[in-house]
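Examining the three-dimensional arrangement
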Amino acid sequence: MSSPIKTRLADLDDSLFVPRELSWLSFNARVLQEAADDNAPEIQRLRYLGIFSNNLDEFFRVRVAEVRRLISVSSGSARQGAKELLAAIQSEVVAQQHDFEQVYATVMKALQARRIYLINERQLEANQAQFVQDYFTSKLLPELDPILFNEGSPIPVLNDESLYLAVEIGAGKKQRVAVVEVPTDRMNRFVEIPRRKGKSGRVFIALDNVIRACLPQMFRGVMPIDSVAAYCFKFSRDAELELDVGIMDSLIEKMASSLKQRRKADAVRFVYDAQMPASLLDFLASKFSLGKYDSLIPGGRYHNSKDFMSFPSVGPRYLELRPLGNVPVTRIDEADNILAAIRSKDVLLYYPYHSFDYLIDLLKTAAVDPDVENIKICLYRVASESRVVDALLNAVHNGKRVLAVVELAARFDEQANINWAQRLTEGGIEVKFGVPGLKVHSKLLLIQRKEEGQQRFYTHIGTGNFNEKTARLYTDFSLMTYDQNLGREVFDVFDFLQYNYRRPQYQHLLVSPHSSRPGIEGMIDQEIVNAKKGLRAAMTLKCNNLVDRELVMKLYEASDAGVEIRLIIRGMCSLQPGVKDISENIEAISVVDRYLEHPRVYVFYNAGEPKYLIGSADLMTRNLDYRVEVLCPIYDADAQTVIQDVLDIQWHDNVRARVLDKAQSNQPVQRKAHSAAIRSQEAIHGYLESGKKPRIPRSNMQLPAKQRKKTKKV
């Protein structure tokens, strides 16, 4: 296995590849386009601004931090390439920040037209100012802990991604500096205040502006204050965890220790109010030892705009997207129980169009079924109030043996997973932490039931986590099957997770790090062989990210051989579609809409007998070589049809789809003359509800297998 760092260095200098960091920024630009859409509901536009900001935070903590590490470990041309990439990132981020400020101003005007006002401390009328003063004294002041910088005193460790105010205090001839954290982790960022007298509407003020309005009181009269001003800033720190190799500590203890170290990790971004005086900025940069490879990014008066994701629901319903109700699955609803429904035929669910309650029902049914003996599950991210965990604990109470493989290194959920692991263990569940050096990212559930004296398997393989919250926000497929061949192989995956020295042989599943890469490459190779024989050859690949160098090269090879390739990529795409003599047979789109597109679905034409796979693995080096991932074939004909129809509807989206091209221009898919408008997520809901597809061309995967006319290459 090659080193991930060496793999990343190899990606930097090749004109056939879009650097994945720049491609990721292009994805976030698509999110910003949604916020800029004048036709979108106003509150939803505000929430898109929050999503954009939240995404950017994670980008710096993960992607930019990695580029900084590349600079530190490389030399020569590789180091120069990494430095140029960092400069390109910084330039694009500054440009997007400028666009963000413009969109923000437009959205604020649109909200005002709806009589929803977000005002600052300078705009308060007398009755509002009194309310703010009372609110500050009674609720906010007890939460504030300002830190004064004193000569010779140690520099405080500030929290990553928290919002701070740098406070410049004038006291006679003496200038002092303090910082205070805005307590948005404990209080809502947006405080509703009384309307202006004689006016209608809803009025809000940001928590940081409440502090600005009452700055002198924050210091409780212990020092003379002639002038005082406050400017927002925040840090983004390197999110990489380093676990030592000592054998005396448990993995949980190592992880907990590493999480504490993350608070002191290098800052990779310092975002600040552009109006901050240069002297104050220099003072903070010096105090916090910000270096030349740290991104110092000026912005507007407000930061941590991710808080807009939870902006209050105010005003009429039309200010937000119209909810799409859950589509019932009649076959499950009418069966004696969900296990009986699965026994009769595979069940394919597509969240959030279908309810996640079906998965909860499966777990709760298994928990009380006297014939169920064992339940095994992989937990990567679960909801804060998890009914999944409740059902597993109930299964133990009913005498079942339950194994939970918990991934402690699920980025940003590490502490939550430590807590869950402890609760599961205390509840009598056997907890395993997977394979050293490999994240367990699989979405597996295995129920073992005694039937007629034999052990039988009920298996779940999905593309998303066992998480009620994200199942309402992300699109994901879940397969529930009674196929015993698949069940036995999922049993083997759990066996490997428990006993890492065993290497099962899989006939059906593709399992990283063992068989996913060769399996996917083998299916691409078969399409290449078919194309060279003059047969029609095609594939559709839908995933979050396509950045693995070897697979990109393999897809270029397939395109050159005449294979028709459709890519539906939500996020990063290092491949450049439509390049003459390289990727002319490759088209790519990305869909950004109300739900986050999350499934991984890979379809190969296979000379007229298409192969369908779903699972947890993106087309990234880490997913194929450094994680435990599972891709599962779909054998049920009805399930294949649903997957194909969903992919076809999404491919013909001409409302929310953007074209992915070499220039990363994010141009909307052009709607053809006289064609109906197709917003794929809404059209898919209608299709699952009624069984009727919108008027779209016939699927290229349903075309008959026939010999193509050979064309001579010039």
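Residues numbered from 1 in each chain as written. Predicted model: local features only at pLDDT ≥ 70, side-chain atom pairs only at ≥ 80, totals over all residues. Heavy atoms only, no water.

Description of unusual backbone geometry
The line we're drawing: Strands here mean DSSP runs of E at least two residues long; helices mean DSSP runs of H or I at least four residues long; both are numbered from the N terminus.
Residue P352 follows Y351 across a cis peptide bond; omega there is -5°. If you trace the backbone, P352 turns up in the loop between β10 (347-351) and α12 (357-368). In this chain, S512 is followed by P513 through a cis amide linkage whose omega measures 5°. Phi is positive for R220, which is not a glycine, with a value near 55°. Note on placement: R220 falls in the loop between α7 (215-218) and β7 (227-237). The phi torsion at Q664 lies on the positive side, around 55°, for a residue other than glycine.

Focus: the packing of helix α2 (residues 20-36) against helix α3 (residues 42-73)
The condition that has to hold: A fitted line through C-alpha atoms serves as each axis, taken over the contacting stretch for helices, and the angle formed by two N-to-C directions is quoted from 0 to 180°. Small angles under 35 degrees read as roughly parallel and large ones over 145 as roughly antiparallel, with 65 to 115 read as roughly perpendicular and the rest as oblique. By definition, residues are in contact when any of their heavy atoms lie within 4.5 Å. Under the convention adopted here, Pro, Cys and the residues Ala, Val, Leu, Ile, Met, Phe, Trp and Tyr are nonpolar, Asp, Glu, Lys and Arg are charged, and Gly plus all remaining residues are polar.
Here α2 crosses α3 at 170°, and the two axes come no closer than 8 Å. In terms of their interaxial angle, α2 and α3 are classed as roughly antiparallel. For the pair α2 and α3, contact is made by R20, E21, W24, L25, F27, N28, V31, L32, E34, A35 and A36 and by R45, Y48, L49, I51, F52, N55, L56, F59, R63, E66 and V67, respectively. For the contact of α2 with α3, a count of residues per class yields 14 nonpolar, two polar and six charged.

Observations regarding the nonpolar core
Filter applied, for reference: Grouping buried Ala, Val, Leu, Ile, Met, Phe, Trp, Tyr and Cys residues that are joined through side-chain atoms within 4.5 Å yields what is termed a nonpolar core. Exposure categories follow from relative accessible area, calculated using a 1.4 Å probe and restricted to protein chains: below 20% of the type maximum is buried, above 50% is exposed, and the middle band is partly exposed.
If you look at the biggest cluster of nonpolar residues, it comprises 55 residues, and the most contacted ones within it are V493, F494, L497, L509 and I643. Contact partners of L509, with chain neighbours within four places excluded, come to I461, L486, E489, V490, V493, S515, V630, L631, C632 and P633. Counting 46 residues, the second-largest nonpolar core is a separate cluster that includes F356, I377, I418 and A421.

Digging into the packing of aromatic side chains
Cut-off, in case you're wondering: By convention, a stacked pair of Phe, Tyr or Trp rings (six-membered ring in the case of Trp) has centres within 6.5 Å and planes under 30 degrees apart, an edge-to-face pair has planes over 60 apart, and any other such pair is tilted. Two thresholds decide whether a charge sits over a ring: the Lys NZ or Arg CZ must be within 6 Å of the ring centre and within 35 degrees of the ring normal.
In the structure shown here, the tally under the stated rule is 24 aromatic pairs. Plain terms: the ring middles of F52 and F100 are 5.6 Å apart, the flat faces sit at 25° to each other, and that makes the pair stacked. Linking F52 in helix α3 with F100 in helix α4 (residues 76-113), this pair joins segments that are 48 residues apart in sequence. A single burial state applies to F52 and to F100, both of which are buried. Aromatic pair F131 and Y135: ring centres 6.5 Å apart, planes at 15°, arrangement stacked. One end of the pair is F131 and the other is Y135, both in helix α5 (residues 126-140) and four residues apart, which spans about a single turn. Put simply, the rings of F149, Y164, F233, F235, F270, Y272, F283 and F288 touch in pairs and so form one group of aromatic residues. Geometry around F27 places R570 over its ring, the cationic atom sitting 5.8 Å from the centre. For R594, the ring lying beneath its charged end belongs to Y595, and the centroid distance is 5.9 Å.

Points about the pattern of salt bridges
Where we set the bar: A carboxyl oxygen of Asp or Glu within 4 Å of a side-chain nitrogen of Lys or Arg is what we treat as a salt bridge.
Scanning the model with the defined rule gives 42 salt bridges in all. Among the ionic pairs, E629 bridges to R627, the shortest N-O distance being 4.0 Å. For the pair shown, E629 and R627 are each scored as buried. Bridged by salt links that share partners, the residues E34, D37, D593, R594, R656, R658, R679 and E682 form one connected network.

Re the pairing of strand β24 (residues 611-615)
On a regular strand, one side chain projects to one face of the sheet and the next to the other, so that they alternate. Put simply, the rule reads: In this scheme, strands are said to pair when DSSP sees at least two bridges between them.
In terms of burial, β24 is largely enclosed, as four of its five residues are buried. Looking at chain direction, strand β23 (residues 600-604) and β24 are connected through five bridges and run antiparallel. Opposite V603, over in β24, you have Y612 as the bridge partner. In this antiparallel pair of consecutive strands, β23 and β24, the connection spans six residues, and N606 shows a positive phi of 55°. In the sheet, β24 pairs with strand β25 (residues 627-633) via three bridges, with the strands oriented antiparallel. The partner of G615 across the bridge, within β25, is L631.

Here's the deal with α12
The test is simple: One fewer than the residue count of a helix, multiplied by 1.5 Å, yields its expected span.
An ideal rise of 1.5 Å per residue puts 16 Å on 12 residues; α12 measures up with 16 Å between its terminal C-alpha atoms. Looking at α12, one finds that the buried residues are Y358, L359, I360, L362, L363, T365, A366 and A367.

Focus: the side chain of R47
Threshold: Polar contacts here mean pairs of N or O atoms no more than 3.5 Å apart (in protein, one a potential hydrogen donor and the other a potential acceptor; neighbouring residues in sequence count only if both atoms are side-chain atoms).
Within the fold, R47 resides in helix α3. Engagement of the side chain of R47 in a polar contact is seen with the side chain of E320, the distance being 2.4 Å. Setting aside anything within four residues of it in sequence, one finds R47 in contact with F308, M309, F311, P312, S313 and E320.

Points about the sheet that holds strand β6 (residues 202-206)
The three strands lie next to each other as β1-β6-β5, forming an open sheet whose pairing is mixed. Looking along the sheet, the strands with just one partner apiece sit at the ends: β1 (116-119) and β5 (190-193). Across this sheet, the average inter-strand angle for adjacent strands is 35°, counted without regard to direction. Both β5 and β6 contribute to a ladder of four bridges, which runs antiparallel. Looking at the pairing, F190 lines up with A206 of β6.

Considerations on the confidence of the model for the protein
Put simply, the rule is: Per residue, pLDDT measures the predictor's confidence, with a range of 0 to 100.
When pLDDT is averaged along the protein, the result is 89; 92% of the residues meet or exceed 70. The low-confidence segment residues 1-5 (pLDDT under 50) makes eight contacts with residues lying over four places distant or belonging to another chain. For the stretch residues 258-264, pLDDT sits under 50, and the model shows 21 contacts to residues farther than four places along the chain or on other chains.

Observations concerning α3
Rule in force here: The quantity called bend is, for any residue, the angle between two axes fitted respectively to the seven residues ending at it and the seven beginning at it.
End to end, α3 covers 46 Å across 32 residues, agreeing with the expected 46 Å (1.5 Å per residue, within 8%). At F59, α3 shows its largest bend, some 40°. With respect to burial, α3 is a largely interior element, 26 of its 32 residues being buried.

Considering the packing of α2 against α4
In the contact formed by α2 and α4, the axes pass within 10 Å of each other and the chain directions differ by 5°. With respect to their mutual orientation, α2 and α4 come out roughly parallel. Within the contact between the two elements, α2 uses E21, L22, L25, N28, A29, L32, A35 and A36 and α4 uses L85, A88, I89, E92, V93, Q96, D99, F100, V103 and V107. Broken down by class, the residue content of the contact of α2 with α4 amounts to 13 nonpolar, two polar and three charged.

Considering the pairing of strand β12 (residues 401-406)
For the record, the criterion: Orient the strands so they point away from the viewer, and a crossover whose first-strand-to-second-strand path over the helix runs clockwise is right-handed.
Here β12 lies mainly inside the structure; five of its six residues are buried. Both strand β11 (residues 372-379) and β12 contribute to a ladder of six bridges, which runs parallel. Bridging from a neighbouring strand, I377 pairs with A404 of β12. Handedness of the β11-helix α13 (residues 387-397)-β12 crossover: right-handed. Pairing geometry for β12 and strand β13 (residues 430-432), over three bridges, is parallel. Note that in β13 the partner of L403 across the bridge is E430.

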